[in-house]
Protein chains: 2
Amino acid sequence: MTAPGITWPAGFSAGAVTAGIKPSGKSDLALIINEGPRSDAAAVFTRNRVVASPVKVSREAVADGQLRAVVINSGNANACNGAQGDVDARAMVDAVSQGTDIAVKDIAICSTGLIGEPLPMDNALAGIADVVDHVGTTPQHGNDAATAIMTTDTVPKESAFAGDGWSVGVMGKGVGMMAPSLATMLVCITTDAVADATVLQSSLEKACAQTFNTLDVDGSTSTNDTVIVMSSGASGVQPGKEELDQAILEVCADIADQLQADAEGVTKRVKITVEGTGSDEQALNAARTLGRDNLFKCAMFGSDPNWGRVLAAVGMADADMDPDNISVYFNDQPVCVHSTGASGARDVDLSGAGIDVRVDLGTGGEGTAFVRTTDLSYSYVEINSAYSS
Amino acid sequence: MTAPGITWPAGFSAGAVTAGIKPSGKSDLALIINEGPRSDAAAVFTRNRVVASPVKVSREAVADGQLRAVVINSGNANACNGAQGDVDARAMVDAVSQGTDIAVKDIAICSTGLIGEPLPMDNALAGIADVVDHVGTTPQHGNDAATAIMTTDTVPKESAFAGDGWSVGVMGKGVGMMAPSLATMLVCITTDAVADATVLQSSLEKACAQTFNTLDVDGSTSTNDTVIVMSSGASGVQPGKEELDQAILEVCADIADQLQADAEGVTKRVKITVEGTGSDEQALNAARTLGRDNLFKCAMFGSDPNWGRVLAAVGMADADMDPDNISVYFNDQPVCVHSTGASGARDVDLSGAGIDVRVDLGTGGEGTAFVRTTDLSYSYVEINSAYSS
């Protein structure tokens, strides 16, 4: 059975085709259409200073809080292609407009894949002419779109939330280049709730802060990352702000879990919680510093309870700490107390796929935060060295 | 032939023994003695907030600018061992004092190895009683000391500089945990030049800034890193400040090269130069950001001229840039101009062991800086996951 995704909320159709942008010959072009009656939308984009052409185009499109379609290609990021990249992104949007009668200003575009290769525009435009005739509202249509946006993802990523007479659907992709400083992947959220753009933007930013922005696979940050939410209003139901916040949060959290589980070369899912420091921001600094430390990540790959690397890493973080009073817990077992090894620390079993790391920086402060990261494995190196991607 | 090292300058003796601190049974305890007549000294230490007990002891010892001995053990970092770690480090210094008649306040101590394991003090103290009888002034004695401080190093690291009637010798170790924010390895420099502690400190800090602090293997920073310089004054020659600066710089640069070449799992030595930004500090930020980006480091391992990852990485750096005017050169060949791929960019040959990367951030600014880093290889993951180290 195909799970509910972006076509589950009323008012949304989607579809995908093989345009020939991916050398593999797999599907690589997806279209999502908001049939209305409303077209409220919001988005967050990469904080990278180097942004891909589709990000520039989509930022303009969503600026008025209205979107009726999103076209997404995989296999080519259309990033660092200079003025030609901007021309190509606009040409794709123009082609969607011609095929759907949706105004250019209401169409967003996302691209993902190799940076710095010109888009094969003949293929892209032919694909758009094709996909506009292949959209539909079944779960399979949504799944087709979720599949077409995959790059080194091994599975499509979808989720949904059922409200009281309204619903939310989501699809996402991304297995590397996920870092907490931004969205760092492509995610598209649909809802038939009645919600204006300001409300959607607020819900989206809150959800991203707690989900995608706490996910850090390799500290790298893409030029293309985009999270878009579109509302059709087709349910006629206007949920309360808290209800909507919760719904958007839940689907984002589910996609974040799926992204972490499918991260490039992952053999361990590691949750790092830091507490006992001056502020939540300081705790986040320390958690990120640890989550990006390659020596720590290699130890996690080796199921090695090498807590010394935890202390060495957090000791460099911009956070208040008492260097003589740091505690570390692996899977809730104390391995370091008062910055000194606890008995049995070397025998803690980290052989499972999930590892929970908790660090108390020992100041007695109230600051706390967590990030989710992964180990550093042979596969990560293989995936990221053997192919241009 | 054994190369000249720390015993080359007049007034220094050294030696090493197998104390049984390393499980491997290899030599693991070294002693360097400054026979004088002078005992001027200077040092730089890790900037990590979590510091090992020997760092605390050595900071106190060198505070008055005088040192007559350094004892170094490998196989155990004596870090994160609480109050017992401090007691043990002081007991080792006491033992050196008893065996040599050098005052405790003139003895520094360094340790390197696993964090969080108590030192096997019986072995350490017996080793010290032994090593005081095994010091000498031959090149072999210096080489023995350089060998005894190795951990996962595959070769001892030594160098020397000949002045006009005076000389400098050096030994160092360190293959991981090297990061530019600090010294991040153990290095001991000896000289028979006449130079007071203030002059030595100035020369050492200048040299570190240009050598060890530009070296970044994995962004990690040790709890134990120490660079010490000792002057015997035995040559009776007082070189000019510029001469001394140059000599210290040259031996540090040579050791930094050796450290980079022997870095854990390295298959590529990568030099990253950044220019065209607002200040040298901004250039250094950008160079470090790129040098720590795992996706970039994996591409280097794969000899993949994937310049898109360079742009994606520097786009997150805290540095002035023109995102539409960034240029990238691999081995002096332009691969990206005006933030767009140059023709032939994918065909640049990166198969050699050395890769030169130059990035112009396109603002026309005068800021420039470089760092040296390495690729991210299967071996790096293996070395750092298979063993507690």
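It should be noted that the structure appears before, not after, this text.
Bear in mind that the values here come from a model prediction, so they are computed numbers and not experimental data.

S.K.: I'm lost on the overall build of chain A in this one. Help?
M.R.: A tally of helices and strands in chain A yields ten helices and 15 strands. Each principal axis of the C-alpha distribution contributes one length, and for chain A these read about 70 × 50 × 40 Å. Per-residue burial for chain A yields a buried fraction of 60% across its 389 residues. Within chain A, residue pairs in contact and separated by at least 24 positions form 80% of the contacts whose partners lie at least 6 positions apart.

S.K.: Just to check I follow, could you spell out the sheet that holds strand E5 (residues 107-112) of chain A for this structure?
M.R.: Strand-to-strand pairing in sheets goes through backbone hydrogen bonds, with the strands running parallel or antiparallel. Residues and elements named next belong to chain A. Strand order in the open sheet made by the four strands is E1-E2-E4-E5, with mixed pairing throughout. A strand with exactly one partner marks an edge of an open sheet, and here the two such strands are strand E1 (12-17) and E5. The sheet shows a mean angle of 15 degrees between the axes of neighbouring strands, taken without regard to direction. As paired strands, strand E2 (residues 29-34) and strand E4 (residues 69-74) are joined by five bridges and run antiparallel to one another.

S.K.: Before we go on, may I ask you to explain the pattern of salt bridges in this structure?
M.R.: Should their charged atoms come close, side chains of opposite charge can pair. Applying the stated criterion across every chain, the model contains 26 salt bridges over all chains. Residue A:Lys56 is joined to B:Asp324 by a salt bridge in which the shortest nitrogen-to-oxygen separation is 3.8 Å. On the criterion of chain membership, the pair formed by A:Lys56 in helix H1 (residues 53-62) and B:Asp324 in the loop between helix H9 (307-314) and strand E11 (327-330) is interchain, its members lying in two chains. Between A:Lys157 and A:Asp262 there is a salt bridge, and its shortest N-O distance comes to 2.7 Å. Taken together, the residues span a long stretch of sequence, with A:Lys157 in strand E6 (residues 157-162) and A:Asp262 in the loop between helix H6 (241-261) and strand E10 (269-277) at a distance of 105 residues. When salt bridges that share partners are traced, they join A:Lys56, A:Asp86 and B:Asp324 into one network.

S.K.: Would you mind showing me how to read the relation of the copies chain A and chain B here?
M.R.: Turning one copy of the chain about an axis and sliding it along that axis gives the other copy, so a rotation and a shift relate them. Taken as rigid bodies, chain A and chain B are interconverted by a rotation of 180 degrees and an axial shift of 0.0 Å, the fit giving an RMSD of 0.0 Å. Accordingly, the operation relating the two chain copies is best matched by a two-fold axis. Measuring from the rotation axis to each C-alpha of chain A, the shortest distance belongs to A:Tyr378, at 2.8 Å. Here 100% of the interface residues in chain A have copies in chain B that are interface residues too; the copies meet face to matching face.

S.K.: I would appreciate a short explanation of the nonpolar core in the present structure.
M.R.: Side chains that are nonpolar tend, in soluble globular proteins, to be buried together. All names here are of chain A. Counting 39 residues, the largest nonpolar core has Phe330 and Val357 as the members making the most contacts within it. Of all the secondary structure elements, the ones that give two or more residues to this core are E10, helix H7 (280-291), helix H8 (294-301), helix H9 (307-314), strand E11 (327-330), strand E12 (333-337), strand E14 (354-360) and strand E15 (367-374). The leading source of residues in this core is H9, at six residues. With near-sequence residues (within four places) excluded, phenylalanine 330 lies in contact with Met300, Pro305, Asn306, Trp307, Val310, Val335, Val348, Leu350, Asp356 and Val357.

S.K.: Looking at this structure, I do not really get the sheet that holds strand E3 (residues 40-45) of chain A. What am I missing?
M.R.: Residue and element names in this part refer to chain A. The strand order across the open sheet built from five strands is E3-E9-E8-E7-E6, with neighbouring strands paired in mixed fashion. Single-partner strands in this sheet number two, and they are E3 and E6. Within the sheet, the average angular offset between the axes of one strand and its neighbour, ignoring direction, is 10 degrees. Judged from the six bridges that link them, strand E8 (residues 186-191) and strand E9 (residues 226-231) form a sheet pairing that is parallel. Within the sheet, the bridge partner assigned to threonine 191 lies in E9 and is serine 231. Relative to E6, helix H4 (residues 139-148) is tilted by about 140 degrees, and along the sheet it contacts E6 and strand E7 (167-173). In the packing of H6 onto the sheet, contacts are made with E6, E7, E8 and E9, and the angle to E6 comes to roughly 155 degrees.

S.K.: Looking at this structure, I do not really get unusual backbone geometry. What am I missing?
M.R.: A negative phi angle is the norm for most residues apart from glycine, just as the trans form is the norm for most peptide bonds. Residue and element names in this part refer to chain A. Geometrically, the link from glycine 36 to proline 37 is a cis peptide bond, its omega value of 20 degrees lying close to zero. The phi angle at histidine 338 is positive, at roughly 55 degrees, despite the residue not being glycine. Mapped onto the elements of the fold, histidine 338 is located in the loop between E12 and strand E13 (340-341).

S.K.: What is the right way to look at the environment of B:Gly36 in this model?
M.R.: In this structure, B:Gly36 sits in the loop between strand E2 (29-34) and strand E3 (40-45). Taking the C-alpha atoms as reference, B:Gly36 lies 10.0 Å from B:Leu67; in sequence the two are 31 residues apart.

S.K.: Help me understand the interface of chain A and chain B in this model?
M.R.: In this complex, chain A contributes 58 residues to the contact, which on the side of chain B involves 58 residues. In total, about 4400 Å² of surface goes out of reach between chain A and chain B, with carbon and sulfur atoms giving 54% of it. Applying the counting criterion to the chain A and chain B interface returns four salt bridges. Counting across the chain A and chain B interface gives 13 residue pairs in polar contact (both at pLDDT 80 or more).

S.K.: How do you make sense of the packing of aromatic side chains when you look at a structure like this?
M.R.: Each aromatic ring pair is characterised by the separation of its centres together with the angle its planes make. Per the stated rule, a full pass over the model turns up five aromatic pairs over all chains. Ring plane angle 40 degrees and centroid distance 5.8 Å describe the contact between A:Phe161 and A:Trp166, whose orientation is recorded as tilted. Among the residues examined, A:Phe161 registers a relative accessible area of 16% and is labelled buried. Residue classification places A:Trp166 among the buried positions, given a relative accessible area of 4%. Linked through ring pairs, A:Phe301, A:Tyr378, B:Phe301 and B:Tyr378 together constitute an aromatic cluster. In this structure, A:Lys271 packs its charged tip against the face of A:Phe370, placed 4.5 Å from the ring centre.

S.K.: Just checking my understanding: could you explain the environment of A:Gly165 for this structure?
M.R.: All names here are of chain A. For glycine 165, the position within the fold is in the loop between E6 and E7. Its relative accessible area of 52% is what places glycine 165 among the exposed residues. Considering only alpha carbons, one finds glycine 165 and serine 235, 70 residues apart in sequence, at a separation of 6.6 Å. If we skip the residues at most four places from it in the chain, glycine 165 touches Ser235 and Val237.

S.K.: Help me understand the packing of H7(A) against H9(A), please; the structure alone is not making it clear to me.
M.R.: Between two packed helices, what matters for the description is the angle formed by their axes and the separation of those axes. All names here are of chain A. For the pair H7 and H9, the least separation of the axes is 9 Å and the interaxial angle reads 125 degrees. One element, H7, and the other, H9, form an angle in the oblique class. Crossing angle aside, the handedness with which H7 passes H9 is right-handed. Where H7 abuts H9, its residues Ala286, Thr289 and Leu290 lie against Val310, Ala313 and Val314. Its residues assigned to classes, the contact of H7 with H9 comprises five nonpolar, one polar and no charged.

S.K.: I tried to follow H9(A) on my own but got confused; where do I start?
M.R.: Two residues of an α-helix separated by three or four positions point the same way, owing to the 3.6 residues in each turn. Across the eight residues of H9(A), eight count as buried, placing the element largely inside the fold. Of the positions making up H9(A), those classed as buried are A:Trp307, A:Gly308, A:Arg309, A:Val310, A:Leu311, A:Ala312, A:Ala313 and A:Val314.

S.K.: Teacher, can you tell me more about the side chain of B:Lys297 here?
M.R.: Counting through the fold element by element, B:Lys297 comes out in helix H8 (residues 294-301). In terms of polar contacts, B:Lys297 uses its side chain to reach the backbone carbonyl oxygen of B:Gly291, at 3.4 Å.

Procedures and definitions
- Residues numbered from 1 in each chain as written.
- Chains lettered and ligands numbered in written order.
- Predicted model: local features only at pLDDT ≥ 70, side-chain atom pairs only at ≥ 80, totals over all residues.
- Heavy atoms only, no water.
- Helix = DSSP H or I, 4+ residues; strand = E, 2+ residues; numbered from the N terminus.
- Buried < 20%, exposed > 50% of the residue type's maximum accessible area, 1.4 Å probe, protein only.
- Contact = heavy atoms within 4.5 Å.
- Pairing = 2+ DSSP bridges.
- Axes fitted to C-alpha atoms, helices over the stretch in contact; angles between N-to-C directions.
- Salt bridge = Lys/Arg side-chain N within 4 Å of Asp/Glu carboxyl O.
- Least-squares fit on C-alpha atoms with pLDDT ≥ 70 in both.
- Core = buried A, V, L, I, M, F, W, Y, C linked by side-chain atoms within 4.5 Å.
- Buried area = accessible area lost by both parts, 1.4 Å probe.
- Polar contact = N/O pair within 3.5 Å; in protein donor to acceptor, adjacent residues only side chain to side chain.
- Phe/Tyr/Trp six-rings, centres within 6.5 Å; stacked < 30°, edge-to-face > 60°.
- Lys NZ or Arg CZ within 6 Å of the ring centre and 35° of its normal.
- Parallel < 35°, antiparallel > 145°, perpendicular 65-115°, else oblique.
- Left-handed = near helix turned anticlockwise from the far one by under 90°.
- Nonpolar A, V, L, I, M, F, W, Y, C, P; charged D, E, K, R; others polar.

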